[in-house]
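Working through the structure, step by step
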Amino acid sequence: MQQYDYTHPVSTLLTQGDCRKTAKKWPDYVELGLAAEHIPELIRMMTDEELLWADSEGVEVWATIHAWRALGQLRAVEAIKPLLSQLYRIDDEDDDWIGEEFPDVFSLIGPPAIPSLSSYLNTGYGLFAKVCVAGCIQQIGNKYPDARQQCIEILTGRLGNFAKNDPTLNGFLISNLVDLKAVDSLDTVRSAYKSERVDPSILGDIEDVEIELGVRDSRSSPPPEFEWIFDGDNRAPDNTTIIRAETKIGRNEPCPCGSGKKFKKCCLNK
């Protein structure tokens, strides 16, 4: 094992190993002896480039993930900006771990993170980084009732820029608002759909949204069809095979990839 300059108990995270084994239930990092005084060192570990690019077969490569989980459990307000500084990796390095786990990390930190998350959502870098941030705001709104309305207003305000937003971002913002049961955002949602600025593959059309929010009992028109163009794992040129989905996968249904997670917690975000 390469020697890394971390003191006990932070150094124990170097040997915790594969995070896939604890993806559904994180360890209690406080039980390892981690406390508020270790936050600066945990931040350094989370952003350590040597660890980020460590041997993919070794245990140390997982330490950065253990570090951000621990920062969440410690409700480390000091970690908000360092955490946000890592979001570029979602778009630039296809880091799915950040997209999957940061909403949980930020929901542990709670409402103190809202102003920074709101700022990133409006001015930050990366489409899917912003999708992740919107998910962070939504989870805080769901977990902290006193912050719910503030989170709804932030997400609705960003959706209000639907003409300039990427349609994919608009789709995820609507999905977040649906999860928050934000019926009062429907006028903005309808305007985004009417302007054809929403990717329908994320949540369907406006009728699907209205059904999800409980303001419509059933569809009055056929459900939309979606065209997907695949070349392996990536979108391909127009002359490749088109696979048309005849039915929409519900956000709360099991993901078709076989992960065992709900669709909204798995491939919907990819």
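I will try to describe carefully the structure that is included in this document. (Residues numbered from 1 in each chain as written. Predicted model: local features only at pLDDT ≥ 70, side-chain atom pairs only at ≥ 80, totals over all residues. Heavy atoms only, no water.)

As for the overall build of the protein
In terms of helices and strands, the protein carries 13 helices and two strands. When the 270 residues of the protein are sorted by exposure, 48% land in the buried category. A sequence separation of at least 24 residues applies to 62% of the contacts in the protein between residues at least 6 apart. (Helix = DSSP H or I, 4+ residues; strand = E, 2+ residues; numbered from the N terminus. Buried < 20%, exposed > 50% of the residue type's maximum accessible area, 1.4 Å probe, protein only. Contact = heavy atoms within 4.5 Å.)

Some words on helix 10 (residues 167-179)
The end-to-end C-alpha separation of helix 10 is 19 Å, in line with the 18 Å expected for 13 residues at 1.5 Å each. Among the 13 residues of helix 10, 12 are classified as buried, and the element is accordingly described as predominantly covered. Thr168, Leu169, Asn170, Gly171, Phe172, Leu173, Ile174, Ser175, Asn176, Leu177, Val178 and Asp179 are the residues of helix 10 that are buried. Summarising the contacts, the buried residues of helix 10 are in contact with helix 7 (114-123), helix 8 (127-143), helix 9 (145-159), helix 11 (186-194), helix 12 (200-203) and helix 13 (206-212). One side-chain oxygen at the N-terminal end of helix 10 lies 2.7 Å from the backbone nitrogen of Thr168; it belongs to Asp166. Looking one or two residues beyond helix 10, the residue adopting positive phi is Lys181, at roughly 55°. (Expected span 1.5 Å × (residues − 1). Polar contact = N/O pair within 3.5 Å; in protein donor to acceptor, adjacent residues only side chain to side chain.)

Some details on the side chain of Gln138
Structurally, Gln138 can be placed in helix 8. Of note is the side chain of Gln138, whose polar atom sits 3.0 Å from the side chain of Asn176. Those residues within four positions of Gln138 in sequence are excluded, and the remaining contacts are Leu155, Asn176, Asp179 and Leu180.

Structural notes on the packing of aromatic side chains
All told, the structure shown has three aromatic pairs when counted by the stated rule. With a centroid separation of 5.6 Å and an interplanar angle of 85°, the aromatic rings of Trp62 and Trp97 are classed as edge-to-face. Separated by 35 residues along the polypeptide, Trp62 in the loop between helix 2 (49-52) and helix 3 (63-73) and Trp97 in helix 6 (residues 96-109) bring together distant segments of the chain. Taking relative accessible area as the criterion, Trp62 reaches 13% and is therefore assigned buried. Between the aromatic rings of Phe102 and Phe106, the centroid separation amounts to 6.1 Å while the plane-to-plane angle is 65°, which identifies the pairing as edge-to-face. Taken together, the residues Phe102 and Phe106, both in helix 6 and four residues apart, mark about one turn of the helix. Here the aromatic cluster, defined as three or more aromatic residues joined through ring pairs, consists of Trp68, Phe102 and Phe106. (Phe/Tyr/Trp six-rings, centres within 6.5 Å; stacked < 30°, edge-to-face > 60°.)

Considerations on the environment of Gln3
Counting through the fold element by element, Gln3 comes out in the segment before helix 1 (39-46). A sequence separation of 11 residues divides Gln3 from Leu14, and the C-alpha atoms of the two residues are 10.0 Å apart.

Some thoughts on the packing of helix 9 against helix 10
One way to put it is that helix 9 packs onto helix 10 with a least axis distance of 10 Å and a crossing angle of 155°. On the basis of the axis angle, helix 9 is roughly antiparallel to helix 10. The chirality of how helix 9 crosses helix 10 is left-handed. Within the contact between the two elements, helix 9 uses Ile152, Leu155, Thr156, Arg158 and Leu159 and helix 10 uses Leu169, Asn170, Leu173, Ile174, Asn176 and Leu177. Partitioning the contact of helix 9 with helix 10 into residue classes produces seven nonpolar, three polar and one charged. (Axes fitted to C-alpha atoms, helices over the stretch in contact; angles between N-to-C directions. Parallel < 35°, antiparallel > 145°, perpendicular 65-115°, else oblique. Left-handed = near helix turned anticlockwise from the far one by under 90°. Nonpolar A, V, L, I, M, F, W, Y, C, P; charged D, E, K, R; others polar.)

So, the packing of helix 7 against helix 8
For any two helices packed against each other, the geometry is given by the interaxial angle and the distance between the axes. Following both chains from N to C, one finds helix 7 and helix 8 inclined at 150°, their axes separated by 9 Å at the closest point. With respect to helix 8, the element helix 7 is oriented roughly antiparallel. In the packing of helix 7 onto helix 8, the handedness of the crossing is left-handed. For the pair helix 7 and helix 8, the contacting residues are Ile114, Leu117, Ser118, Tyr120 and Leu121 in the first and Ala129, Lys130, Val133, Ala134, Cys136, Ile137 and Ile140 in the second. Broken down by class, the residue content of the contact of helix 7 with helix 8 amounts to 10 nonpolar, one polar and one charged.

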